[in-house]
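# Tertiary structure, described
Single-letter residue listing:
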Amino acid sequence: MAKKVFIIGAGITGLTTAYYLQKAAKEENIPIDVTLVEATNRIGGQMQTVVKDGFVIERGPDSFLVRKESASRLIREVGLGDELVRNATGQSYVVVGSELHKMPEGSFMGIPTQAGPFIASDLFSWKGKLRAGLDYILPHEKEEGDQSVGNFFRKRLGNEVVENLIEPLLSGIYSGHIDRLSLRATFPQFEKVVDKNRSLILGMKDAMPKPKKAPADQPKKKEGIFYTVKTGLESVAKAIGSQLDTESILLNTSVSSIEKQEEGYKITTDDGRTFDTDDVVLTVPHHVAANILKGFQKQKELAYAPLGSVATIAMAFDQDAVEDDVDGTGFVVSRNSDYTITACTWTHRKWPHSTPEGKVLLRCFVGRADDDVIVDEDDDTIVQTAIRDLNKVMTITKKPEFSIVTRWKKARPQYVVAHNTRIEHVEKELEKNWPNVYIAGSSYHGAGIPDCIDQGEKVVQTILEKMR
């Protein structure tokens, strides 16, 4: 008899899980019956792309790290390998106060690994530079438990470097507050570097990959560290979906409850249908998962993580509409600045394939932890706010040819301090009292596309190992 696996949520995690389960079933002749249900009328979750007038515009994530290989491997498997493209490199900036400052060369996630550019930077006062330099001599006091990202970096580099550089870069990744985000859940590599080397700066300098030597007759070219797909990331979701058995995907289907039975589980949907299954994979957000696991003892811990709201504003212009332009690929904004936008990508420069020749594509972000009221404003207000802020660093003389505002309300899980411990408690409770029920996705062990793919693959391996 075939093992029945019921996957809830058809974002990238659910799609990955279904794809690799069905692949194993076919290649190894393993009897697995997969059902993938999705509450909306489409697959892909936040991977949403608008193709309009020659522009390729991402509503959700726009890329993923090259070094996290699971994403590019899956993309090649589903036939889109030729569409993979790296980002174009260029100068990036930080807005502090009312000034646009160059990101110091050699900084990695805001950590200075080259003394010269850091000392020459006008981002910091001499007092701030000297305080950061104490990292070379400060002793390392190993923390017994988790701590916030802000606390960790303030101890090593001081407030000024954190406020002007590290916070704008790192908090944006998770749309969270740096003084509440868990270090071990978001950036555990930095704690390990200090444990090993004592100095964060020296440890990161040693860990940075050495640049490859270019032949003497060729100019040195810096490679981008991100990948995307020329046809847009939504095409990845569609390509995965095209590989799945058509009858295994149920759209417009919301699950209202999961109940334990003597053998397996009963799934009930909002429209009253029921499904019996052996395994359940929950790839929906954590608060949704907590809601439908009836009688789950760790429900509060599962639902604990706060949720952030953000919006993206994509604006297309004629090239001559933007004057006094800055040569770069984008900027982030410190909290100490009189800006509503938190960042802007000059998409036409970072991803040249996305924009027709003679056009400009700008993508701005609004919404911070504790300050996301702007997300609820109407489209015109959000667009006007973004243009007002952009005019502080460039001159925009015409209205956009078109704009696309995308709101992600209560859609960004915040990995607050002790996140890993809470998720560990949840997973142990599932293993003990809800065997063969799994959680995976952006709420748990990483929010990036490769992190979600990794979690889906891990669930697949666990299911297959139990069967074998």
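Scroll up a little and you will see the structure.
The structure displayed is predicted, hence computed values, not measured ones.

Bringing the sheet that holds strand S5 (residues 64-65) into the picture now. Strand order in the open sheet formed by three strands is S5-S11-S6, with antiparallel pairing between adjacent strands. Where the open sheet ends on each side, the last strands, each with one partner, are S5 and strand S6 (84-86). Strand direction decides the pairing type here: S6 and strand S11 (residues 226-229), joined by three bridges, are antiparallel. Each residue of the ladder has a partner; that of Leu 84, found in S11, is Val 229.

End to end, helix H14 (residues 379-390) covers 17 Å across 12 residues, agreeing with the expected 16 Å (1.5 Å per residue, within 8%). Along H14, the positions that sit buried rather than exposed are Ile 382, Val 383, Thr 385, Ala 386, Ile 387, Asp 389 and Leu 390. Against the buried residues of H14 lie strand S17 (307-318), strand S19 (330-333), strand S20 (341-346), strand S21 (359-366), strand S22 (395-396) and strand S23 (402-413). The opening residue of H14, the one whose side-chain oxygen lies 3.1 Å from the backbone nitrogen of Asp 380, is Asp 378.

The next subject is the side chain of Asp 279. As for its position among the elements, Asp 279 is in strand S16 (residues 279-282). Under the relative-accessibility criterion, Asp 279 is labelled buried at 1%. If we ignore the near neighbours within four places in the chain, the residues touching Asp 279 are Lys 3, Lys 4, Val 5, Phe 6, Asn 436, Tyr 438 and Ile 463.

So, about the packing of aromatic side chains. What the rule picks out here adds up to 14 aromatic pairs. Each ring, one from Tyr 93 and one from Trp 346, has its centre 6.2 Å from the other, and the planes form 80 degrees; the classification is edge-to-face. Residue Tyr 93 is found in strand S7 (residues 92-96), and its partner Trp 346 is found in strand S20; the two are separated by 253 residues along the sequence. As far as burial versus exposure is concerned, Tyr 93 and Trp 346 are alike and both buried. Aromatic ring contacts, followed pair by pair, group Phe 152, Phe 153, Tyr 174, Phe 187, Phe 190 and Tyr 415 into a single cluster. Here the basic side chain of Lys 52 rests over the ring of Phe 402, its NZ or CZ set 4.4 Å away from the ring centre. Sitting over the face of the ring of Trp 126, Lys 129 holds its NZ or CZ atom 4.7 Å from the ring centroid.

To find the voids left in a structure, one rolls a probe of water-molecule size over its atoms. Under the counting rule described, the total for this entry stands at two cavities of 30 Å³ or more. Roughly 130 Å³ of internal volume is contained in the largest cavity. Every residue lining the largest cavity is counted, 13 residues in all, and those nearest its centre are Val 56, Glu 58, Asp 62, Thr 347 and Trp 351. When residues of the lining of the largest cavity are traced back to their parent elements, those giving at least two are strand S4 (55-58), S11 and S21. The leading source of residues in the lining of the largest cavity is S4, at three residues.

Conventions used here
- Residues numbered from 1 in each chain as written.
- Predicted model: local features only at pLDDT ≥ 70, side-chain atom pairs only at ≥ 80, totals over all residues.
- Heavy atoms only, no water.
- Pairing = 2+ DSSP bridges.
- Helix = DSSP H or I, 4+ residues; strand = E, 2+ residues; numbered from the N terminus.
- Expected span 1.5 Å × (residues − 1).
- Buried < 20%, exposed > 50% of the residue type's maximum accessible area, 1.4 Å probe, protein only.
- Contact = heavy atoms within 4.5 Å.
- Polar contact = N/O pair within 3.5 Å; in protein donor to acceptor, adjacent residues only side chain to side chain.
- Phe/Tyr/Trp six-rings, centres within 6.5 Å; stacked < 30°, edge-to-face > 60°.
- Lys NZ or Arg CZ within 6 Å of the ring centre and 35° of its normal.
- 1 Å grid on protein atoms, 1.4 Å probe; cavity = no way out; pocket = protein on both sides within 12 Å on 5 of 7 lines; lining within 4 Å.
- Points joined across faces, edges and corners; volume = space filled by probe spheres on them.

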